[in-house]
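Residues per chain, in single letters:
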Amino acid sequence: MNALVINCSPVRTGATAEIVRLVSEQLSPKYSTKTVCIDDYGFGFCKGCRSCHTTAQCVQHDEVDLLMSEFEWADVIVSVSPSYWADIPGQFKAFIDRCTPWCNTHEPHACISPGKKGYAIALRTGPSMKECEKVTGSIEHFYGHLEIECCGRLGLCSVEFKESVKDREAEIADFCRQI
Ligand SMILES: Cc1cc2nc3c(=O)[nH]c(=O)nc-3n(C[C@H](O)[C@H](O)[C@H](O)COP(=O)(O)O)c2cc1C
């Protein structure tokens, strides 16, 4: 079984990257694990043209397809996202917008294989869990329209830098036990 762990932050060495590393370490005895960063991929913004509503394809050809091939490879997808202005970072939102060809609200639409399980982890600097729930909610909304089953979520408040993740290792390991 394959697990894909996504750093949804553009920062490759920050708190999100550290959580991705810990999740990958926890999952690797059980899964063949791959980690990616949203910033590894170059792609344009959705133009809102809706061509994909009739063709199930985007008019742009770029590295969205490469990241979607990682989704296809994975049985389990763990998206780890910081809160940027109380939601997912723009880079990740831009990717989700570009996944409209795979969105199940129009016919025809492209499909990834069924049976995938999705997990969402949110982190933020502020203290209120409500904002983490907003971030995990955005991820789960995306999973839902790709027919990826939402299987678990974790919110981590009061995290700013990589160093603040140290105290949260047990919480992250606990969460990973259900995956
Ligand atoms: C552009 C930007 C916007 C942010 N907005 C929020 C916010 O609205 N609420 C919050 O609690 N933290 C906010 N943060 C803090 C991040 O969620 C937090 O530092 C997180 O650990 C960043 O992880 P990263 O360095 O891996 O991207 C923001 C950080 C940045 C860079």
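What you see is a predicted model, and the numbers here were worked out from it, not measured in a lab. (Residues numbered from 1 in each chain as written. Predicted model: local features only at pLDDT ≥ 70, side-chain atom pairs only at ≥ 80, totals over all residues. Heavy atoms only, no water.)

Colleague: Looking at this structure, I do not really get the site of the ligand. What am I missing?
Modeller: The ligand sits among 17 residues. The nearest are Ser 9, Thr 16, Ser 83, Arg 124 and Glu 131. Within the backbone of Ser 83, an N or O atom sits 2.7 Å from an oxygen atom of the ligand. The backbone of Trp 85 places a nitrogen or oxygen atom 2.8 Å from a nitrogen atom of the ligand. Considered class by class, the residues forming the shell around the ligand number eight nonpolar, six polar and three charged. (Near = heavy atom within 4 Å. Polar contact = N/O pair within 3.5 Å; in protein donor to acceptor, adjacent residues only side chain to side chain. Nonpolar A, V, L, I, M, F, W, Y, C, P; charged D, E, K, R; others polar.)

Colleague: Explain the packing of aromatic side chains to me, please; I cannot follow it from the model alone.
Modeller: We describe a pair of aromatic rings using the distance from one ring centre to the other and the angle between the two ring planes. As enumerated under the stated definition, the model contains eight aromatic pairs in all. For the pair Phe 92 and Phe 142, a centre-to-centre distance of 6.2 Å together with 85° between the ring planes defines the contact as edge-to-face. Of this pair, Phe 92 sits in helix α4 (residues 90-98) while Phe 142 sits in helix α5 (residues 129-145), placing them 50 residues apart in sequence. Take Phe 92: its relative accessible area is 0%, and that puts it in the buried class. Phe 142 gets classed as buried once you look at its relative accessible area, which sits at 3%. The interplanar angle of 85° and the centroid separation of 6.2 Å between the aromatic rings of Tyr 119 and Phe 175 together place this pair among those described as edge-to-face. One end of the pair, Tyr 119, is in strand β4 (residues 117-123); the other, Phe 175, is in helix α6 (residues 169-176), and 56 residues separate them in sequence. The pair formed by Tyr 119 and Phe 175 is uniform in burial state, with each residue classed as buried. Three or more aromatic residues link up through ring pairs in this structure, and these residues are Phe 43, Phe 71, Phe 92, Phe 95, Phe 142 and Tyr 143. (Phe/Tyr/Trp six-rings, centres within 6.5 Å; stacked < 30°, edge-to-face > 60°. Helix = DSSP H or I, 4+ residues; strand = E, 2+ residues; numbered from the N terminus. Buried < 20%, exposed > 50% of the residue type's maximum accessible area, 1.4 Å probe, protein only.)

Colleague: Just checking my understanding: could you explain the state of the cysteines for this structure?
Modeller: Inspection of every chain in the model, using the stated rule, returns zero disulfides. The thiol of Cys 52 is not disulfide-bonded; the next cysteine sulfur, from Cys 49, is found 6.5 Å away. The thiol of Cys 150 is not disulfide-bonded; the next cysteine sulfur, from Cys 151, is found 7.4 Å away. Accessibility expressed as a relative area gives 35% for Cys 150, which makes it partly exposed. (Disulfide = S-S within 2.5 Å.)

Colleague: I would appreciate a short explanation of the pairing of β4 in the present structure.
Modeller: The two faces of a sheet get side chains in turn, since along a regular strand they alternate between them. Most of β4 sits inside the fold, with six of its seven residues counted as buried. Relative to β4, strand β3 (residues 76-82) runs parallel, the two sharing seven bridges. Residue Val 76 lies in a different strand from β4, and its bridge partner there is Lys 117. Assessed by its sense of winding, the connection that carries the chain from β3 through α4 to β4 is right-handed. In the sheet, β4 pairs with strand β5 (residues 149-156) via seven bridges, with the strands oriented parallel. Across the sheet, Ile 121 pairs through a bridge with Leu 154, a residue of β5. With α5 bridging β4 and its parallel neighbour β5, the resulting β-α-β unit is right-handed. (Pairing = 2+ DSSP bridges. Right-handed = clockwise from strand over helix to strand, strands pointing away.)

Colleague: Quick question: what am I supposed to make of the pairing of strand β1 (residues 2-7) here?
Modeller: Burial of β1 is extensive: six of the six residues sit out of reach of the surface. A two-sided burial pattern is seen for β1, the buried positions comprising Asn 2, Leu 4 and Ile 6 on one face and Ala 3, Val 5 and Asn 7 on the other. Note that β1 and strand β2 (residues 32-37) share six bridges and pair parallel. Paired with Asn 7 across the two strands is Cys 37, which belongs to β2.

Colleague: Would you mind going over the packing of helix α1 (residues 15-27) against α6 with me for this structure?
Modeller: Between two packed helices, what matters for the description is the angle formed by their axes and the separation of those axes. The N-to-C vectors of α1 and α6 enclose an angle of 45°; their axes lie 10 Å apart at closest approach. It follows that α1 is oblique to α6 by the angle criterion. Of the two elements, α1 crosses α6, and the hand of that crossing is right-handed. For the pair α1 and α6, the contacting residues are Ile 19, Leu 22, Val 23, Gln 26 and Leu 27 in the first and Glu 169, Ile 172, Ala 173 and Cys 176 in the second. Each residue belonging to the contact of α1 with α6 can be placed in one class, and the counts come to seven nonpolar, one polar and one charged. (Axes fitted to C-alpha atoms, helices over the stretch in contact; angles between N-to-C directions. Parallel < 35°, antiparallel > 145°, perpendicular 65-115°, else oblique. Left-handed = near helix turned anticlockwise from the far one by under 90°. Contact = heavy atoms within 4.5 Å.)

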